[in-house]
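# Chain and residue survey
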Amino acid sequence: MDSSAHRTRLPIRARLATTVGGAAATVSRLTGKGDGSVIGGVISLRLEPDLLSLLAANRQVVLVTGTNGKTTTTRLITAALTPLGQGIASNIYGANMEAGLTSALSRAPGAPLAVLETDEKYIPAMVKATNPKVVVLLNLSRDQMDRAAEIWLLARRWREALGAAPDCRVVANADDPLVTWAASSARQVTWVAAGQRWREDSWCCPNCGSHLMRVGDDWACRECGGRRPPVSWELDAEAVVDPSGRETPLGLALPGRANRSNAVVALAVAEAFGVHMSYALRELRAVTSVAGRYTQVNRRGCEIRLLLAKNPAGWLEALDVVAPPPVPVLLSVNAQGPDGRDTSWLWDVDYRRLRGRHVLVGGERKLDLAVRLEADEVPFRLVNDIDEAVEAARAVCPALDVLANYTAFQQYRAVLGRTQ
Ligand SMILES: [Zn+2]
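Residues numbered from 1 in each chain as written. Predicted model: local features only at pLDDT ≥ 70, side-chain atom pairs only at ≥ 80, totals over all residues. Heavy atoms only, no water.

## As for the packing of aromatic side chains
In the structure shown here, the tally under the stated rule is two aromatic pairs. With a centroid separation of 6.4 Å and an interplanar angle of 70 degrees, the aromatic rings of Trp-315 and Tyr-351 are classed as edge-to-face. Within this pair, whereas Trp-315 is found in helix α12 (residues 312-321), its partner Tyr-351 is found in the loop between β14 (329-332) and β15 (359-362), the two being separated by 36 residues in sequence. Judged on exposure class, the residue Trp-315 and its partner Tyr-351 are both buried. A network of ring pairs unites the aromatic residues Trp-315, Trp-345 and Tyr-351 as a single cluster. One residue, Lys-133, lies across the ring of Phe-273, its end atom 5.0 Å from the ring centre. (Phe/Tyr/Trp six-rings, centres within 6.5 Å; stacked < 30°, edge-to-face > 60°. Helix = DSSP H or I, 4+ residues; strand = E, 2+ residues; numbered from the N terminus. Buried < 20%, exposed > 50% of the residue type's maximum accessible area, 1.4 Å probe, protein only. Lys NZ or Arg CZ within 6 Å of the ring centre and 35° of its normal.)

## With respect to the coordination of the zinc ion
Working reference: metal with six octahedral donors, ideal angles 90 or 180 degrees; metal with four tetrahedral donors, ideal angle 109.5 degrees. Protein coordination at the zinc ion: the donors are Cys-205 (SG), Cys-208 (SG), Cys-221 (SG) and Cys-224 (SG), at 2.3 Å from the metal. What the four donor atoms of the zinc ion show is an angle range of 100 to 118 degrees at the metal, which sorts the shape as tetrahedral. Of note, the donors binding the zinc ion are all from one chain and are spaced C-x2-C-x12-C-x2-C. For Cys-221, a relative accessible area of 5% translates into the label buried. On the basis of relative accessible area, Cys-224 is assigned to the partly exposed category, the value being 33%. (Donors = N, O, S within 2.8 Å, 3.2 Å for Na, K, Ca; no water. Tetrahedral: all angles 85-135°; square planar, octahedral: opposite > 155°, others 65-115°.)

## Describing the pairing of strand β4 (residues 134-137)
Here β4 shows two buried faces, one formed by Val-134 and Val-136 and the other by Val-135 and Leu-137. Bridge analysis of strand β1 (residues 60-65) against β4 gives four bridges, and the strand direction is parallel. Note on β4: the bridge partner recorded for Leu-63 is Val-135. (Pairing = 2+ DSSP bridges.)

## Re the sheet that holds strand β9 (residues 233-236)
In a beta sheet, neighbouring strands are held together by backbone hydrogen bonds and run either parallel or antiparallel to one another. Strand order in the open sheet formed by nine strands is β2-β3-β1-β4-β5-β6-β9-β10-β11, with mixed pairing between adjacent strands. Among the strands making up the open sheet, the edge pair consists of β2 (88-90) and β11 (247-249). Neighbour-to-neighbour, the strand axes of this sheet turn through a mean angle of 15 degrees, independent of strand direction. Of the pairings in the sheet, the one linking strand β5 (residues 169-173) to strand β6 (residues 188-193) comprises five bridges and is parallel in character. Along β6, the bridge assignment pairs Val-171 with Thr-190. Its contacts with the sheet place helix α6 (residues 98-107) against β1, β2 and β3 (113-117), and it is angled at close to 155 degrees to β3. In the packing of helix α11 (residues 277-285) onto the sheet, the strands contacted are β9, β10 (239-241) and β11, and the crossing angle to β11 comes to about 25 degrees. (Axes fitted to C-alpha atoms, helices over the stretch in contact; angles between N-to-C directions. Contact = heavy atoms within 4.5 Å.)

## Digging into the sheet that holds strand β17 (residues 399-404)
The strand order β12-β13-β17-β14-β15-β16 describes an open sheet built from six strands, whose pairing is mixed. Among the strands making up the open sheet, the edge pair consists of β12 (296-299) and β16 (381-382). In this structure, β12 lies alongside strand β13 (residues 302-308), joined through four bridges in antiparallel fashion. Residue pairing in the sheet places Asn-298 in a bridge with Glu-303 of β13. Helix-sheet contacts for α12 involve β13, β14 and β17, and the interaxial angle to β17 is about 170 degrees. Across the face of the sheet, helix α15 (residues 406-416) comes into contact with β12, β13, β14, β15 and β17 while running at roughly 150 degrees to β13.

Listed below in structure tokens is the structure:
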């Protein structure tokens, strides 16, 4: 279907809404106020509140959600579906609420497929609006301390929404008990062993509240009989185990276990679309960076790699990914609105594995992090900006891994130049 064919099926007000929203997005981009996807979507939705449903009609939609790994998994699924040879709409810069999804679809009017990163809270409304073919549930853990109480409520809302969407296939992480509970209301579930690095939020059975027994990746509830379901897809160290039980090395360019798990999830989604694993895997291997993450940037002769980690689970995963010694590590923490104002979550992460390494500490809340590292007996040096960190790193090794939370990451990206 070509772009004009899809567009002419939209009612006239919806067409007007996408045109005006697109113009607003362009103005926003030209005036340097961002990539424009949020403002464009907000304006479009004001003109036509049902625009998202109208734009999603006649498309095969994948919604991707979870506390960690949404952006990367969305990118990997998009790659894994390219062998279908059809246009794919996606919110690649992570604008993941209603306006961002609307904007992603209106920018690609002719694309019959859509892979959309979706904020955890918006899943029920977005399932209703887009009638997705597949919903991907990655994991559910506290994002910042001030949101800790929400995750059980979120799981309940996911469960209700998926129970009311009988045509939707759910691809869910069986290693996360809360995700499993939320997914098990769905009619069709593909279970993936995608791992759970962070377990502090899932010692209790989501079904009955009893203490869960956990041995390795397995988990079970003695009271109500809830247990980890048998999986179709699994990550085994560096290889994927497919539903036939065959092992294939992943060979990704992206680093770390979390990304290997995300890739296995992407392969399970590709299977639901009939893409053969060998074709999907070839595309996954070609992904080298996701929205500036993992990008290598050279600054003053130092190879800098940027890693984003927004919450305790994300920090644990990122600490798995950092380059081995002697590469120095810069940890950087802010506490602006998007980061959560409370930095007490720093105490939930175990930093002891950084002992004996060259650790640099930056960001607006570097003193909070410094106190935390003192407690874990990790020696460090405070730095005021990225260039001071580069100077300190170069004295050791011409490379630096930067691990930063959201606004700290964006600040470094702005200094180092926007790279994709
Ligand atoms: Zn139970």
